[in-house]
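# Examination of the molecular architecture
Single-letter residue listing:
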Amino acid sequence: MDRFEKVGGRVDVNPQLFEACVGIVEAIAQPGICVLIFLPGLSEIEQVHEAFQVATSKKCSMAFHMLHSVVPHEQQKLAL
């Protein structure tokens, strides 16, 4: 399956890539380990954030922080 498809000027990312991100982070997650994932835009950030919330809601406690210019500064500071 392709990684992404351009539809009407918007890029639709294959949801399996978000699931792969979740799987990789879960595989390496340990107390004290921080992971930073770079994504191309706010839509992708929101989609991967949702994938993490769904996948990890019952498994373990992790903190997720979205970093983007439209996210309030106070929320972004939580990532530090």
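This structure is a prediction, so every number in the text was calculated from the model and none was measured.

Attention now goes to the environment of Gln75. Its location among the elements puts Gln75 in helix H3 (residues 73-77). The class for Gln75 is partly exposed, based on a relative accessible area of 45%. On a C-alpha basis, the gap between Gln75 and His65 in space is 7.5 Å, while along the polypeptide they are ten residues apart.

Quick look at the side chain of Asn14 now. Its location among the elements puts Asn14 in the loop between strand E2 (10-13) and helix H1 (15-28). Judged by relative accessible area, Asn14 falls into the buried class, the value being 7%.

On to the layout of surface pockets, then. Considered as a void within the structure, the largest pocket measures approximately 810 Å³ in volume. For the lining of the largest pocket, the per-class residue count stands at 21 nonpolar, six polar and no charged.

Turning to a nonpolar patch on the surface, a few remarks are in order. Taken together, Ile24, Ile28, Ile33, Val35 and Ile37 make up a surface patch of nonpolar side chains, about 410 Å² in accessible area. Mapped onto the elements of the fold, Ile28 is located in helix H1.

Any pair of aromatic rings gets described here by the distance separating the centres and the angle formed by the planes. Going through the model one piece at a time under the given rule, you end up with one aromatic pair. Summarising the aromatic geometry, the rings of Phe52 and Phe64 are spaced 4.8 Å apart at their centres and angled 35° between planes, so their arrangement reads as tilted. Taken as a pair, Phe52 in helix H2 (residues 42-56) and Phe64 in the loop between H2 and H3 lie far apart in primary sequence, twelve residues in all. Using a relative accessible area of 26% as the deciding quantity, one classes Phe64 as partly exposed.

This part is about the nonpolar core. The biggest cluster of nonpolar side chains holds seven residues, and these are Val13, Phe18, Val22, Val25, Val48, Ala51 and Phe52. Listed by contribution, the elements that provide at least two residues to this core are H1 and H2. Excluding its chain neighbours within four sequence positions, the residues that come into contact with Val25 are Val35, Ile37, Phe52 and Met62.

What counts and what doesn't
- Residues numbered from 1 in each chain as written.
- Predicted model: local features only at pLDDT ≥ 70, side-chain atom pairs only at ≥ 80, totals over all residues.
- Heavy atoms only, no water.
- Helix = DSSP H or I, 4+ residues; strand = E, 2+ residues; numbered from the N terminus.
- Buried < 20%, exposed > 50% of the residue type's maximum accessible area, 1.4 Å probe, protein only.
- 1 Å grid on protein atoms, 1.4 Å probe; cavity = no way out; pocket = protein on both sides within 12 Å on 5 of 7 lines; lining within 4 Å.
- Points joined across faces, edges and corners; volume = space filled by probe spheres on them.
- Nonpolar A, V, L, I, M, F, W, Y, C, P; charged D, E, K, R; others polar.
- Patch = residues over 30% accessible without salt bridge, like charges linked within 9 Å, V, L, I, M, F, W, Y side chains within 5 Å.
- Areas by Shrake-Rupley, 256 points an atom, 1.4 Å probe, with all protein chains shown as cover.
- Salt bridge = Lys/Arg side-chain N within 4 Å of Asp/Glu carboxyl O.
- Phe/Tyr/Trp six-rings, centres within 6.5 Å; stacked < 30°, edge-to-face > 60°.
- Core = buried A, V, L, I, M, F, W, Y, C linked by side-chain atoms within 4.5 Å.
- Contact = heavy atoms within 4.5 Å.

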